[in-house]
Amino acid sequence: ADISRISSKKTALEIRGVQKRFKDFVALQHIDLHLYEGELLCFLGPSGCGKTTLLRLVAGLDEVDEGQIIKNGQDISRLKTEKRRCGIVFQNYALFPNLSISDNIAYGLQGKKWTKPLRQERVSELLSLIGLQGSELKYPLQLSGGQQQRVALARAIAPEPDILLLDEPLSALDARVRLHLRQEIRALQKRLNMPTILVTHDQEEALTLADRIVVMNHGVIEQVDTPEVIYNKPASQFVATFVGQMNLLPAKIQAEDWLYVADKVDVRLKLKHQFIPNTGVLVGFRPESARIVSDDSLVTQGIRLSTYLIAREFLGAKTRLHLSLDPSHAAITDLAERTIQIDVDHAATDFLSIDSQVIIDIDEKQLHVFDQDGRAIC
Ligand code: ATP
């Protein structure tokens, strides 16, 4: 579905059937992926899921075991890094400490094409692009972390690569600089219209930066789509809980599309295919999807649950309520299983005291259902 929707776009890079092992350990199982012209694609996943490995294969820093990497129609899987025309930026800047900022940026400008005047022109063009005019004669350690990372970015872009590869470029920076540079990278990438892959384990970074997100887990791709679809229509339980938060309640499929949720309520949901009655599934909803119902006589359009307030947290813009389905929640042991978290406006919670009953309603459109393999089935 993903490819058909944007198939009018030209492919800049295709990863076709790529596998990678380290001895017996399978780091990447079988990766198929397109990067389109002008697109910013984020590889997102927990530590060890294989995102850096995949980036290194594209860059030619490692070799694929199986499959191909095709750039602008040409198989580059066996080419040396220098021949792949990829600009690379790593987490730790990796600038040359004994070279000036100018010389760092000019480092990749080699070959006949880059005469001295052309090199100088390119360096000053890039310095103004990253807002560091006047720093050409400084050395990396005289710059802040954020400035060094901008120089690393300029150095990567300088030789006009076909593709830009960014491996956790912001994670060594402090929060404020990170937010700022995030927007700069986004603006720069769009302005240069350069197809870019950015590796991150930070879901917020992926959601705010990416045109599309590739969610990875244990060497496989769980889902590839726009941030909106990843968040609103997660294809699996893993995606649903890795990107944003989701409450998950045990449920049983009773018959066809009737579900019995948390041993308490029925709900009718259209499922993708048929299941044997009594199949166990999980029903999920995001913290912001629940509403507190004060008038219980109104009919629900989804599920309505009677809960008890265990704890309240101030989140700034919202209040988070921790709720239990069990009235004797003082004795709750499996907290994770039976605790529900919802985010509501402060005003909606003012009248609630700990232990009081809270009736919540979740619209059917906000409900997700996952089968025993964690695949979304609704
Ligand atoms: P992180 O954010 O921690 O870097 P990642 O998703 O980028 O995580 P990779 O660095 O791609 O993960 O590593 C994937 C798996 O492959 C890890 O379990 C890692 O230990 C293993 N691995 C990576 N490189 C090698 C190597 N050269 N030799 C052996 N195992 C490796």
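Residues numbered from 1 in each chain as written. Predicted model: local features only at pLDDT ≥ 70, side-chain atom pairs only at ≥ 80, totals over all residues.

As annotated in an unreviewed UniProt entry, the chain carries the name ATP-binding cassette domain-containing protein and comes from Aquirhabdus parva.

Visitor: Help me understand the site of the ligand in this model?
Guide: Around the ligand, a shell composed of Phe 22, Phe 25, Ala 27, Gly 45, Ser 47, Gly 48, Cys 49, Gly 50, Lys 51, Thr 52, Thr 53 and His 201 is seen. Only strand 2 (25-36) and helix 2 (51-59) provide two or more residues apiece to the shell around the ligand. Considering every element that reaches the shell around the ligand, the biggest residue donor is helix 2, with three residues. Across the shell around the ligand, the residue classes tally to four nonpolar, seven polar and one charged. (Near = placed C-beta within 6 Å. Helix = DSSP H or I, 4+ residues; strand = E, 2+ residues; numbered from the N terminus. Nonpolar A, V, L, I, M, F, W, Y, C, P; charged D, E, K, R; others polar.)

Visitor: Hey, could you run me through the nonpolar core in this one?
Guide: Grouped burial of nonpolar side chains is what soluble globular proteins tend to show. Formed by 87 residues in total, the largest nonpolar core has its most connected members in Cys 42 and Val 214. In terms of residues, this core owes the most to one element, helix 5 (residues 145-157), which gives six residues. Two domains each provide a minimum of three residues to this core, namely domain 1 (2-242) and domain 2 (248-370). If we skip the residues at most four places from it in the chain, Val 214 touches Leu 33, Leu 41, Cys 42, Phe 43, Leu 44, Ile 221 and Val 224. (Core = buried A, V, L, I, M, F, W, Y, C linked by C-beta atoms within 7 Å. Buried ≥ 20, exposed ≤ 12 C-beta atoms within 10 Å, placed from the backbone. Domains from an automatic or database assignment. Contact = placed C-beta atoms within 7 Å.)

Visitor: In this structure, what is going on with the environment of Arg 212? I would like to understand it.
Guide: With respect to the helices, strands and loops of the structure, Arg 212 is situated in strand 9 (residues 212-217). Measuring from C-alpha to C-alpha, the distance between Arg 212 and Ile 310 comes to 38 Å, with 98 residues separating the pair along the chain.

Visitor: Quick question: what am I supposed to make of the pairing of strand 6 (residues 86-89) here?
Guide: A regular strand places its side chains on the two faces of the sheet in alternate fashion. Taking every second residue as pointing to the same face, both faces of strand 6 are buried, with Cys 86 and Ile 88 on one and Gly 87 and Val 89 on the other. Of the strand pairs in this sheet, strand 6 and strand 7 (residues 163-167) are connected by four bridges, and their pairing is parallel. Note on strand 7: the bridge partner recorded for Cys 86 is Ile 163. (Pairing = 2+ DSSP bridges.)

Visitor: How should the UniProt feature "domain: ABC transporter" (unreviewed entry) in the chain be read in this particular structure?
Guide: Under the UniProt annotation, the feature "domain: ABC transporter" (unreviewed entry) is placed at residues 13-243. Taken end to end, residues 13-243 is 34% helix and 26% strand, and its two terminal C-alpha atoms sit 25 Å from one another. (UniProt positions renumbered as here; feature names shortened; annotations may be inferred.)

Visitor: Could you clarify how one ought to interpret helix 2 in this entry?
Guide: Since the α-helix packs 3.6 residues into each turn, any two residues three or four apart lie on the same face. With seven of nine residues buried, helix 2 is to be regarded as a mostly interior element. Those residues of helix 2 that fall on the buried side of the exposure criterion are Lys 51, Thr 52, Thr 53, Leu 54, Leu 55, Leu 57 and Val 58. The positive-phi residue at the C-terminal boundary of helix 2 is Gly 60, with phi of around 85°.

Visitor: How do you make sense of helix 6 (residues 175-192) when you look at a structure like this?
Guide: Under the 1.5 Å per step criterion, the end-to-end length of helix 6 is 26 Å for 18 residues, consistent within 8% with the ideal 26 Å. Where helix 6 is concerned, the buried positions are Leu 181, Arg 182, Ile 185 and Gln 189. Down the axis of helix 6, the buried set is contained in an arc of 120°. They therefore lie on one face. Projecting away from the buried face of helix 6 at angles above 90 degrees are the exposed residues Arg 176, Gln 183, Ala 187 and Arg 191. Tucked into the core, helix 6 has its buried residues touching strand 3 (40-44), helix 5, strand 8 (196-200) and helix 7 (203-209). At the exit of helix 6 stands Asn 193, carrying a positive phi of roughly 55°. (Expected span 1.5 Å × (residues − 1). Arc of directions from axis to C-beta.)

Visitor: What exactly am I supposed to notice about unusual backbone geometry here?
Guide: Despite not being glycine, Glu 256 has its phi angle at roughly 40°, a positive value. Inspection of the secondary structure puts Glu 256 in the loop between strand 11 (247-255) and strand 12 (258-261). Note on Glu 256: 12 C-beta atoms within 10 Å, which makes it exposed.

Visitor: Would you explain the environment of Leu 153 in this entry?
Guide: Relative to the helices and strands, Leu 153 is located in helix 5. Taking the C-alpha atoms as reference points, Leu 153 and Val 89, 64 residues apart in sequence, are found 6.2 Å from one another. Apart from residues no more than four positions distant in its own chain, Leu 153 is found in contact with Val 89 and Ile 130.

Visitor: Teacher, can you tell me more about the domain arrangement of the chain here?
Guide: Interface size, as often reported, equals the accessible area lost upon joining of the parts. Looking at the chain, the domain boundaries give domain 1 (2-242) and domain 2 (248-370). Listed per partner, the contact involves four residues of domain 1 and four residues of domain 2. Of the residues in the side of domain 1 that touches domain 2, the class split is two nonpolar, two polar and no charged.

Visitor: Help me understand the environment of Glu 37, please; the structure alone is not making it clear to me.
Guide: Take Glu 37: it is sitting in the loop between strand 2 and strand 3. Excluding residues that lie within four positions of it along the chain, Glu 37 makes contacts with Lys 9, Lys 10, Ala 12 and Pro 195.

Visitor: Help me understand the sheet that holds strand 16 (residues 302-314), please; the structure alone is not making it clear to me.
Guide: Hydrogen bonds along the backbone pair up the strands of a sheet, which may run parallel or antiparallel. In spatial order, the strands read 15-19-16-17-18; together these five strands make up an open sheet with antiparallel pairing. Lying at the two open borders of the sheet, with one neighbouring strand each, are strand 15 (290-292) and strand 18 (339-344). Ignoring which end each strand starts from, the neighbouring axes of this sheet average 45° apart. Where strand 16 lies against strand 17 (residues 319-324), six bridges are found, and the strand directions are antiparallel. Bridging from a neighbouring strand, Tyr 308 pairs with Ser 324 of strand 17. (Axes fitted to C-alpha atoms, helices over the stretch in contact; angles between N-to-C directions.)

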